[in-house]
Structures are given as structure tokens and as C-alpha cells.
Amino acid sequence: MPENESHRYDVIVIGAGGAGLRAAIEAHERGLRTALVCKSLLGKAHTVMAEGGVAAAMGNVYPEDNWQVHFRDTMRGGKYLNQWRMAQLHAQEAPDRVHELEAWGALFDRTPDGRITQRDFGGHRYARLAHVGDRTGLELIRTLQQRAVSLGIDVFMECKVLRLLTDDSGAVSGAVGYWRASGDIVVFESKAVVLATGSIGRCYTYTSNSWESTGDGHAMAMWAGADVIEMECVQFHPTGMVWPLSVRGLLVTEGVRGDGGALKNSEGRRFMFDYIPEMFRAETAETEEEADAWYEDHANNRRTPDLLPRDEVARAINSEVKAGRGSPHGGVFLDIASRRSADYIRRRLPSMYHQFMELAGVDITAEPMEVGPTCHYMMGGVRVHPETQAATVPGLFAAGEVAGGMHGANRLGGNSLSDLLVFGRRAGMGAADFAEGRAGEPAADPAQVDAVVAEAVAPFERDGGENPYDLHRDLQTTMQALVGIIRNGPELEQALEKLGELRERAGKVHVAGGRSYNPGWNLATDLPSLLTVSTAIAQGALARKESRGGHTRDDYPGPDPELGKVNFVQRQTGERGYAAPIQISAEPLPAMPAELQALLEEGH
Amino acid sequence: MTDPTPAPTAADATVTLRVWRGDPAGGELVDYTLPAQDGEVVLDVVHRIQATLAPDLACRWNCKAGKCGSCSSEINGKPRLMCMTRVDELPEGPITVTPMRTFPILRDLVTDVSFNFEVAKRVPAFAPPPPPPDGYRMQQVDVQRGQEFRKCIECFLCQDVCHVIRDHEENKQHYAGPRFFIRYAELEMHPLDTNDRRELVRQRMGLGLCNITKCCTEVCPEHIKITDNAIIPMKERVVDASYDPVAWLGRKILRRRKRTPDEAAATAP
């Protein structure tokens, strides 16, 4: 075989969204040879689509806010399935990470006294989200991108990583991928690898995620022998666009509700008052008057049920539509037009105004939006050490959405951008420490490289076969129909059977054309990760015989206290790869110290 | 949720995309005709072509929501985002989709935009003073100017349309283009930045070559007033720094010379 392009680094970071950029900055500033490898152009990662804000208990708007309250909100939102230490570190460190962004050039919206202002979001007791209108993700990624560029970090753009490489001891020693422009193979030899590959949304038909969210990191970690946890916990954001069909699933920020928007059914009723769960009853308004007064005065009123955690709102919308009280295109109405002035709406929600006007021909200052649930976020992911972000395989680290544990069974809005910053930095530190301590220079095993390349280019060598687009569509249809927002045992069994057939078909994929910028081939190389991740989601969902957070089983409609004490861990113990089986087991959650336990009970 | 099936606008309505296909060696326009669907954008049609007629049709895209700025192209000759251009808003007849002309072709609709990433490396970083103990304070009215420029999604359509580099490859050596003029303006207007970038933008970034035809403002999908709010104020500041007769006289009398771009850049961290 021809000599492959090869690079040697101390740390490579795969993925250049918020977490990857922050990790690379940290490792680089420690003086290590660091590279950032990403599937798209720099600055285009899915972080760019985050709208509402960064959750950080800075107390700029409500001085009562502090990390303890943020920790409590995060754990309650996650239905206590979170790794408590991650939730604690996240709440403690988020304010510093936001201030750091400001020192790197971010321009957040201000309070009247010139500090960073904060907005209300679902599940957060106080107004806590630092933001820039409704384009906070863009501000975050651009700030980190400009910082990384000014530091001179090596960036490999439009370079898709196929698989991690391991040494004789099983430790991760690099990765192999290809340049999308040329299709040429590129090999990275590295002392440590940070996965920051984001989400899995492209397993589903309707998703707010960009094409990149194919679960590459989740799958590559498993193929390298690492554990993943809580793969059944997928968040369906309650408010995605439902019409036109071509934009179905596109996100409508929770900021619409944070800024006064209310959900209504076809009868004009604010139905969220009918869906307040016991766990949140004490802190949720019972009447529309109280809910509306809360926007101005949090101290003397309880919060509107429109801002219950996302899992609760998504299920409520689903039920309303099922009961025949939906909107014309199969969603419900989100009305801010009748509740706030046109000026206010355009100032606070400029992207939403723009998005509905241009894509749906709807003026959100004059008429309600139609919204419905969309696959939005993966709570599950690579099992990591809470402080170093080290995976269970030496040399491998994970941060951001690809890492599991921080958000438990359901993530609160705003906790993702703060997660990226807090744990991106920690993964960079963890990887740097590991690389400094690792003896020798890891070398790629040519046999492993050859095997990866052979699998990747096989679709060109087959005479006819499966169209990768058809296979992807069938996968999405299966996941949407059988492993979606409401699940049950028989359907999950059926999904696993279908996924088995799809894995077989994936071995027969054929692509036409050459290797240079060929989207059909690019999709074919994403299919193995999509299949591995989908299988893990379905297996986890079948194992968790209860409803908790983002995971809802209509055959087990309530939470099971015993299952609330365990994580479902999945790994490949024997053969590895998309065609190989995945083992699953329940393992107890780490015990929380009494002083943190007390925070959860306090007041409620 | 119920799953509404896509309703074709009319039973036999079709949409034709006339797409440039080729590589650096050359190419041609190829017609693809598909059944029309309600509410589609141009990128939807490209995706359907990939899934059915031409699986290797190269096209860059990410978010399909007008937020990432990846799917820039020229639609009926006008620089636009494919994901924000609705088919039903275009005139009847075939829709021509070609790659951005200012950048070298990689394949089909994908161009090599690395020029922009190279220019980005030459922008001296933001340089604030150390933060006071209780954090920086800035007023909303002061951050708002920079916020307008930070809406930029780096689609590079302004670079594509700019006639200084569109048909003048040689100008790329010493011209940064509208995207970077707003970056300079943003830093220059940042309440906390301590660098003076005026000489740099004049001598190295070619601000003087822009003759404010406003084409960049017209194509900006974020509706940033690039010319009025960034380029013209920057030109004024450069004039103040370089050509003000009083300042010139002052320099002569005091025997001070202007800083060179290298000296200006050297003060950047």
C-alpha cells in the first residue's frame, strides 16, 4: 500500500465544537504539541446552533443564586441519574469559564450596571443564562475559534476520523481518518486523544442536529474498548419547527418561553398547567396569573409550567397532539406575539424572527409558531472520570456531548454550553497530564491502519449494492418510529431486529464516483457509527424498564427507585466494530456525600 | 406526533436545478429535474438529487438553518445560502446553482475557502487590560456595535461578491476583504481592546482598495451593515490617523513618525 500521510502529536482533539476547541486551547497552553481535527470547516460545528445561553450561577441578576442551587437544579433536572461530582464541578466552575470567554473577546448582553446579564430557562430556579440575544453558541464558538487561531494551534479541517488506534497494551495511540477534499488517508500518532465529537441526532428523522451529529466519538470509543453509559437517555427538545416539512425538527429556542412565550393547544388552552408532575408541583405556578407575574417577580411567584424541564414539556406536547388538540401540521402553538411587543420580540429573539419569517413565512410578532418535539441532545456517552475526563481506556478522554454522566437522564437548557467549557478545559488538562506522563512516542500499527482503510474504501470496490442514502433513511425511520420519544418493550425488540438487518446491509454498501469530496462515500463512512450508536440506544432503552427523564416507556410509565440507583453500561468485550455485539450491564451510581445530598432535599 | 406526508404543490409540478459539476480541470452545468415539494429550499433539492440521481454531487453544508454559513453558492448568479433560499421565491424555470467564483474549485459546488482562514491568522488577537476584581463592566450600548459584527456566520458571501478579489486573484495578497474589515472594526470598537489596528488595516489589509459599492452589505445573510457600520467608520479612523493635516504637522514638529504595521502588530499579544 502507498505510504500514508502521517502526523505525530502529544494530544489530538477530535471535533472542533465548543468542547474540542476549549480542550485544544488548554493542552496547547500547557506547551504540548496539539492538533484539532474536525469533519467540517473550523467554526461550523453544531455548537454554532446553540441559542439560549450558558448556564452559570454568577448571580448578576439574582444575587441569591450560587453553585449549590445550580447543582440542585441540574441533579433534579437529570432525575438524579447524573454523576454527582461532574454536576458539582460544573456548577462551581461555570462562572469562571464565562468570565474567561469575556477576556477572550466575547460580547455578552449586559445588565444596566454593565455586568453580564442572565435569562430564565427551564428548570433553573434563577435567571442564570449568560447570552448574546439568541445566538449564544455562535458567540462561544467564534470566541474560542479566534483564541485557538491566535495561539497558532494546528487545525486539520474537513478531515473525518474513522477509527482510533490502540497499542499492544490496549491504550489509545492515535487515530486514522481521511481528508474530505482529496479522500487521502491521514494517520495521527498521539500520546492522548480527546473525543469532542458531539451528538447522535442523525440517527433520527427529525432532529435539530446538523449532519455532523453521527455519533462518531461514541462509536469510536466503544470500538476502542471504552465504556459508554446511559445511552437510552436521548433528549427530545419540546419545541422544534414542524412546518414546512423541509425544516421540520429545526430548533425553536427555549428562550421564547423564557422571554414570555406560552404553549397553547388548538382550543387556545395553556395546557402545561395540566401536566405539572408531583416532583415540581411545589415550585410551579398553578394559575396563569401567577405564572405571568413570575416573569417580573420571581421572589413572590412560582415559575410558569411552560418552563418545566424539557422532558416534561416534550411529553405534554406529545400527549396533546395524540389527544387531537394539536396544530394543523401536527404540533402545538407557541405564542409570544400576543404576550410581548413586536419590538421586544425582535430585540430578544432576532434569529427566531428571521428563521420563521424566511423559512416558514410566519411573522412571530403577529402570529403563533407551530412547534413539536425534535431529537436534540444525547445525555448518554463515554464513561469518564469526573475530574480528568479520562475514559476507561488509557489515553482516551471525552468532553461535551460525547461524554456521559453530567446531565443524568435529562439535560437542562443552558447546561450544555457550560458543560463544553468546564469539561473541555478539564479534558485538555487530563489529556495533557497523561501525555506528559506517557513514556516513548506511540507508533501506529500498520495492520490496524490497513484494516480501517480497507473497510472504508470497500464500498467503491463492490459491483452494485446498497445505496448509503437509502440505508441511512431506513435507519432514521426505524429509530424515529420505534426508539423515539415514547417507547415500549415490543417495539424496542423490533427495533433491535431491524438494526441487525441494517448492520448486515451496511456490509453491502456501494458508492459511485471517486474519493474526492464525495458525499455518498462520506455518508457511507458515517454509517458504522450511526449503527453502533443506534443499537446502544435501543439496547439501553430496552434494559431500563422505567420512565425517567428523556427515557419514557409506556409499558413502565413511572420511575423505579431501584433503577434510579444504577447506570446501564455498554461495551464491546470481544470482537469490536459496528457488526460486533455490545454487552450491557447495570452498575451502581457513585454514592453522593451527605452535604450534597442535603442540598437536594433542602426546601423541597 | 402525527407524520404529515409532504404534499407536492401540484400533482405534476417539477423543479429543475441546473448545477455546475466539475473539478479544477473544468466542468459544465447539468440539469436535474425532480417532483416539486412544498416549502423547500434549494439545499433540500440538492439533497434529494444526492439521494436519488447523483450521490456524489459535492456540496458543503452543516446546519441547514442559516446559522453556520457552510452552504454558500451562487443561485441564479447571486451569492446566497442554499439553506435560506426558498424555491417558491425564485422565478419560474430552471434554477442555476454554481460555486462561489472568488475561490478555487475543489469539486462541484465546493470551493477552497482557505484564503479566509489564512487572513484570519493575521488578525492580532483581542487585548483587554487585566480584569478588575469584580469583573469587566461594559454598557449594552457600547457592546452593541461589536455585537452587530459578531453576528457574522463566516459564509464568505461578502468575500465572494467583492469585486476587489472576485476577478483579481493578485489582490488577495494584500486585501483582507469585507469579512475581515468587520472583524477589525469589531476589535477597534470593542470597549476593552487596547490595540491600535488602524495602520495595520490600511497598509496590510488593503482597506483603501474598497470603494464602498456596498455589494457585500447586499449579500450578507445576517443583514450586517458592513459598508455603513464597519468599512466607512474604519476608513474615517484610518484617515484620522494617517492623513489628518494637524496630526501630520504635529508629527513633523515633534519629529515623531507613524508606527509601521509591524510595530503596530508587535504590540498585539
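Rules used throughout
- Residues numbered from 1 in each chain as written.
- Chains lettered and ligands numbered in written order.
- Predicted model: local features only at pLDDT ≥ 70, side-chain atom pairs only at ≥ 80, totals over all residues.
- Helix = DSSP H or I, 4+ residues; strand = E, 2+ residues; numbered from the N terminus.
- Buried ≥ 20, exposed ≤ 12 C-beta atoms within 10 Å, placed from the backbone.
- Contact = placed C-beta atoms within 7 Å.
- Domains from an automatic or database assignment.
- Nonpolar A, V, L, I, M, F, W, Y, C, P; charged D, E, K, R; others polar.
- Axes fitted to C-alpha atoms, helices over the stretch in contact; angles between N-to-C directions.
- Parallel < 35°, antiparallel > 145°, perpendicular 65-115°, else oblique.
- Pairing = 2+ DSSP bridges.
- Arc of directions from axis to C-beta.
- Core = buried A, V, L, I, M, F, W, Y, C linked by C-beta atoms within 7 Å.
- Left-handed = near helix turned anticlockwise from the far one by under 90°.
- pLDDT = per-residue confidence, 0-100.

## Overview of the overall build of chain B
Phase 1 of the analysis: The helix and strand tally for chain B stands at 11 helices and seven strands.
Phase 2 of the analysis: Overall, the C-alpha framework of chain B stretches about 80 × 45 × 30 Å when taken along its three principal axes.
Phase 3 of the analysis: Out of the 269 residues in chain B, the part that is buried amounts to 43%.
Phase 4 of the analysis: A fraction of 65% describes how many contacts in chain B between residues 6 or more apart in sequence connect residues 24 or more apart.

## What about the overall build of chain A?
Phase 1 of the analysis: What chain A contains, in helices and strands, is 17 helices and 18 strands.
Phase 2 of the analysis: Dimensions of chain A, computed from C-alpha atoms along their principal axes, come out at roughly 70 × 50 × 50 Å.
Phase 3 of the analysis: Every one of the 604 residues in chain A was classed for burial, and the buried ones make up 63%.

## Focus: the domain arrangement of chain A
Much of the literature gives interface size as the accessible area that the parts lose upon coming together.
Residue and element names in this part refer to chain A.
Phase 1 of the analysis: When the domains of chain A are assigned, the result is domain 1 (240-374) and domain 2 (446-564).
Phase 2 of the analysis: For domain 1 versus domain 2, the distance between C-alpha centres works out to 32 Å.
Phase 3 of the analysis: Per-element tally for the side of domain 1 that touches domain 2: the top contributor is helix H9 (residues 310-322), with four residues.
Phase 4 of the analysis: When grouped by side-chain class, the residues that make up the side of domain 1 that touches domain 2 number two nonpolar, one polar and two charged.

## Focus: the interface of chain B and chain A
Phase 1 of the analysis: Opposite the 48 residues of chain B that make contact, chain A presents 50 residues.
Phase 2 of the analysis: Elements with a contribution of two residues or more to the side of chain B that touches chain A: helix H1 (42-52), strand E6 (105-107), helix H2 (114-121) and helix H3 (140-150) of chain B.
Phase 3 of the analysis: Here the element with the most residues in the side of chain B that touches chain A is H3(B); it accounts for five residues.
Phase 4 of the analysis: When its residues are assigned to classes, the side of chain B that touches chain A shows 26 nonpolar, 11 polar and 11 charged.

## So, the packing of helix H5 (residues 216-223) of chain A against helix H16 (residues 519-543) of chain A
Two packed helices can be described by the angle between their axes and the distance between those axes.
Residues and elements named next belong to chain A.
Phase 1 of the analysis: At a minimum axis distance of 8 Å, the contact between H5 and H16 shows a crossing angle of 80°. As judged from the angle between their axes, H5 and H16 are roughly perpendicular. Here Asp216, His218, Ala219 and Met222 of H5 lie close against H16, whose contacting residues are Pro528, Ser529, Thr532 and Val533.
Phase 2 of the analysis: The residue makeup of the contact of H5 with H16, split by class, is four nonpolar, three polar and one charged.

## With respect to the pairing of strand E11 (residues 234-241) of chain A
Residues and elements named next belong to chain A.
Phase 1 of the analysis: Of all eight residues that make up E11, eight are buried, and the element is covered over most of its length.
Phase 2 of the analysis: In terms of strand pairing, E11 meets strand E14 (residues 369-378) through six bridges, oriented antiparallel. Along E14, the bridge assignment pairs methionine 241 with valine 371.

## Section: the domain arrangement of chain B
All names here are of chain B.
Phase 1 of the analysis: Taken domain by domain, chain B consists of domain 1 (14-111) and domain 2 (114-266).
Phase 2 of the analysis: Measuring from the centre of the C-alpha atoms in domain 1 to the corresponding centre in domain 2 gives 32 Å.
Phase 3 of the analysis: Each partner contributes residues to the interface: domain 1 has 12 residues there, and domain 2 has 13 residues.
Phase 4 of the analysis: Its residues placed into classes, the side of domain 1 that touches domain 2 shows six nonpolar, four polar and two charged.

## What to know about helix H11 (residues 350-360) of chain A
All names here are of chain A.
Phase 1 of the analysis: Restricting attention to buried positions, one finds in H11 the residues Ser351, Met352, Gln355, Phe356, Leu359 and Ala360. Seen along its axis, H11 keeps its buried residues to an arc of 125°; they face one direction.
Phase 2 of the analysis: On its buried face, H11 is in contact with E11, helix H6 (255-258) and E14.
Phase 3 of the analysis: One or two positions beyond H11, positive phi appears at glycine 361, with a value near 65°.

## Brief notes about the environment of B:Pro99
Residue and element names in this part refer to chain B.
Phase 1 of the analysis: The topology assignment puts proline 99 in the loop between strand E5 (95-98) and E6.
Phase 2 of the analysis: Separated by 42 residues in the primary sequence, proline 99 and valine 141 have C-alpha atoms spaced 39 Å apart.
Phase 3 of the analysis: Here proline 99 is in contact with Trp20, Ser73, Ile105, Leu109, Val110 and Thr111, once residues within four sequence places are set aside.

## Some remarks on the sheet that holds strand E13 (residues 332-335) of chain A
Residues and elements named next belong to chain A.
Phase 1 of the analysis: An order of E11-E14-E13-E12 is seen for the four strands of this open sheet, with the pairing classed as antiparallel. Of all the strands in the sheet, just E11 and strand E12 (262-264) have a single pairing partner and so form its edges. Ignoring which end each strand starts from, the neighbouring axes of this sheet average 45° apart.
Phase 2 of the analysis: Direction of pairing for E13 relative to E14: antiparallel, over a ladder of three bridges. Within E14, the residue paired with valine 332 across the bridge is valine 371.
Phase 3 of the analysis: Strands in contact with H9 are E11, E13 and E14; relative to E11, the strand with the most contacts, it is inclined by about 60°.

## Description of the nonpolar core
Nonpolar side chains in soluble globular proteins tend to end up buried together.
Residues and elements named next belong to chain A.
Phase 1 of the analysis: Membership of the largest hydrophobic core comes to 251 residues, with the highest contact counts inside it found for Val194, Leu195 and Phe397.
Phase 2 of the analysis: If one sorts the elements of this core by residue count, H16 sits on top with 12 residues.
Phase 3 of the analysis: Every residue in contact with leucine 195, bar those within four places of it in the chain, is listed here: Ile14, Gly15, Gly217, Met220, Ala221, Val382, Leu396, Phe397, Ala398 and Val402.

## What about the environment of A:Asp306?
Phase 1 of the analysis: Its location among the elements puts A:Asp306 in the loop between helix H8 (288-294) and H9.
Phase 2 of the analysis: Each C-alpha atom, one on A:Asp306 and one on A:Glu546, is 25 Å from the other, the two residues being 240 residues apart in sequence.

## What about the sheet that holds strand E4 (residues 118-119) of chain A?
Phase 1 of the analysis: Taken together, three strands build an open sheet; the order of strands is E3-E5-E4 (chain A) and the sheet is antiparallel. The open sheet is flanked by strand E3 (54-55) and E4 of chain A, the only strands paired with a single partner.

## So, unusual backbone geometry
Phase 1 of the analysis: Between A:Trp243 and the following residue, A:Pro244, the backbone shows a cis peptide bond with an omega angle of -5°.
Phase 2 of the analysis: The residue A:Pro244 is located in the loop between E11 and H6 in this model.
Phase 3 of the analysis: Despite not being glycine, B:Asp108 has its phi angle at roughly 45°, a positive value.
Phase 4 of the analysis: With respect to the helices and strands, B:Asp108 occurs in the loop between E6 and strand E7 (110-111).
Phase 5 of the analysis: Of note, the phi angle at B:His223 is positive, near 55°, even though the residue is not glycine.
Phase 6 of the analysis: Among the secondary structure elements, B:His223 is positioned in the loop between helix H8 (215-219) and helix H9 (226-242).

## With respect to the packing of helix H14 (residues 468-482) of chain A against H16(A)
Residues and elements named next belong to chain A.
Phase 1 of the analysis: Remark: H14 packs on H16, axes separated minimally by 9 Å, with the N-to-C direction vectors making an angle of 25°. Relative to H16, the element H14 is oriented roughly parallel. Crossing geometry of H14 relative to H16 is assigned as left-handed. On the side of H14, the interface is formed by Pro468, Tyr469, Leu471, His472, Leu475 and Met479, while H16 contributes Gly520, Leu523, Ala524, Leu527, Leu530, Leu531 and Ser534.
Phase 2 of the analysis: Along the lines of polarity and charge, the residues of the contact of H14 with H16 split into 10 nonpolar, three polar and no charged.

## A short note on the confidence of the model for chain B
All names here are of chain B.
Phase 1 of the analysis: Here chain B averages 90 in pLDDT, while 91% of its residues score no lower than 70.
Phase 2 of the analysis: In this model residues 1-5 is a low-confidence stretch, pLDDT under 50, and it forms 10 contacts with partners more than four residues away in sequence or in other chains.
Phase 3 of the analysis: This prediction of the complex comes with two scores: 0.94 for pTM and 0.93 for ipTM.

## Section: the pairing of E13(A)
Phase 1 of the analysis: Direction of pairing for E12(A) relative to E13(A): antiparallel, over a ladder of three bridges. Each residue of the ladder has a partner; that of A:Leu263, found in E13(A), is A:Leu334.

## Quick word on helix H6 (residues 178-188) of chain B
All names here are of chain B.
Phase 1 of the analysis: For H6, the buried fraction is high: 11 of the 11 residues fall into the buried class.
Phase 2 of the analysis: Every buried residue of H6 is accounted for by Pro178, Arg179, Phe180, Phe181, Ile182, Arg183, Tyr184, Ala185, Glu186, Leu187 and Glu188.
Phase 3 of the analysis: Its buried side turned inward, H6 meets H2, H3, helix H4 (157-161), helix H7 (198-203), H8 and H9.

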